[in-house]
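# Commentary on secondary and tertiary structure
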Amino acid sequence: MAADPWLVLGAAAVEAAVGYPRRLHAVIPHPVAWIGGALSSLDRTLNRGGEVRRRLAGIATLLIVAGAAGAAGFALDRVMTGWGLVLAALIGSLGLAARSLHDHVAAVRNALDADDLEAARAAVGMIVGRDTVGLDREGTAAAALESLAESFNDGVVAPLFWFLVGGLAGLFAYKAVNTADSVIGHREEPYRCFGWAAARTDDLMNLIPARLAGALIALVAGRGGVTMLRDAPKHASPNAGWPEAAMAGALRIRLGGPATYDGVLHQRPTFGDGPPPLPLDLTRGLGLYLRACGLLAAGLALGGFAWPR
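Residues numbered from 1 in each chain as written. Predicted model: local features only at pLDDT ≥ 70, side-chain atom pairs only at ≥ 80, totals over all residues. Heavy atoms only, no water.

Once that is clear, we can look at the packing of aromatic side chains. Applying the stated criterion across every chain yields a total of three aromatic pairs. Centre to centre, the rings of Phe152 and Tyr289 are 5.7 Å apart; their planes meet at 85°, and the pair counts as edge-to-face. One end of the pair, Phe152, is in helix H8 (residues 137-184); the other, Tyr289, is in helix H13 (residues 279-306), with 137 residues separating them in the sequence. Both residues of the pair, Phe152 and Tyr289, belong to the buried class. Arranged with centres 5.3 Å apart and planes meeting at 90°, the rings of Phe161 and Trp162 form a pair that is edge-to-face. (Phe/Tyr/Trp six-rings, centres within 6.5 Å; stacked < 30°, edge-to-face > 60°. Helix = DSSP H or I, 4+ residues; strand = E, 2+ residues; numbered from the N terminus. Buried < 20%, exposed > 50% of the residue type's maximum accessible area, 1.4 Å probe, protein only.)

Moving on, we come to the side chain of Asn153. Within the element layout of this structure, Asn153 appears in helix H8. For Asn153, a relative accessible area of 3% translates into the label buried. Within the structure, Asn153 has its side chain in polar contact with the side chain of Asn206 (distance 3.0 Å). With residues near it in sequence (within four places) discarded, Asn153 still touches Ala158, Pro159, Asn206, Pro209, Ala210 and Ala213. (Polar contact = N/O pair within 3.5 Å; in protein donor to acceptor, adjacent residues only side chain to side chain. Contact = heavy atoms within 4.5 Å.)

We now examine the pattern of salt bridges. Enumeration according to the criterion identifies 13 salt bridges in this entry. For Asp231, the salt bridge identified is with Arg230, shortest N-O distance 2.7 Å. The closest approach of N and O atoms between Arg230 and Asp273, which form a salt bridge, is 3.0 Å. In this pair, Arg230 sits in helix H11 (residues 225-231) while Asp273 sits in the loop between strand S4 (270-271) and H13, placing the two residues 43 residues apart along the sequence. Overall, Arg230 belongs to the partly exposed group, its relative accessible area being 41%. The network of salt bridges with shared partners includes Arg230, Asp231, Lys234 and Asp273. (Salt bridge = Lys/Arg side-chain N within 4 Å of Asp/Glu carboxyl O.)

This is the structure we're talking about:
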């Protein structure tokens, strides 16, 4: 059940304007927290036994959570017509994270500008999974830029894509799958088998959006496309490398490289040919991000004019 581009654009505008206020979150946790709670409960209950059992349990977990989310969205799609579409836009905004992503990365930038490395490490630790204790200024800036690029897809482009393609049902199902990938879609035990379905389904649902996200970054920068096409396949993920490589090429910097996760050093590939990023590059990256969001919004508006009535 495809959504009218104007409805999708309206949801994006609401989220960009107000996000999900902290006071509201204190009273009513964000729906993603509900999904995370359900996943944790099913993990404790089902993630046991041998490899085959764990893999089947992981498939069942994904079907339960994504199915329930998609069914809820489908029910809302069926009843929200006329003025109800205003409520649909408000509800749809809950699946987006453009404002919160900008605010989190801006907090890192502001702390670096104030020469407060500890605050910058704490801020970047809110949006990355790597160890942040030993990061210097350049490493902190790189971590924030990598998260900005990857989350431009996960938090903006992909949710809007699935909202447009499948209405609230598509949006809710995507958020459930993406959250499942974050919670259980890990290669390490005890999730190697249990999280397999979540990780693979998330890869599949992000195939088109990730490449679109990278293209948007390259388009607004006027460069980065060659770097994206060359370096994106280096990433262990089939999707994350596209916006990251595009960001590196657009800013003429180098991203990726060695990083520590839970005390273990991982030798990651690098993206781009330039020097490591400086704190100043965070401001440039945020500018690219905002322009890419603007280009995406313009595309939705054009789609709205062409949408059959």
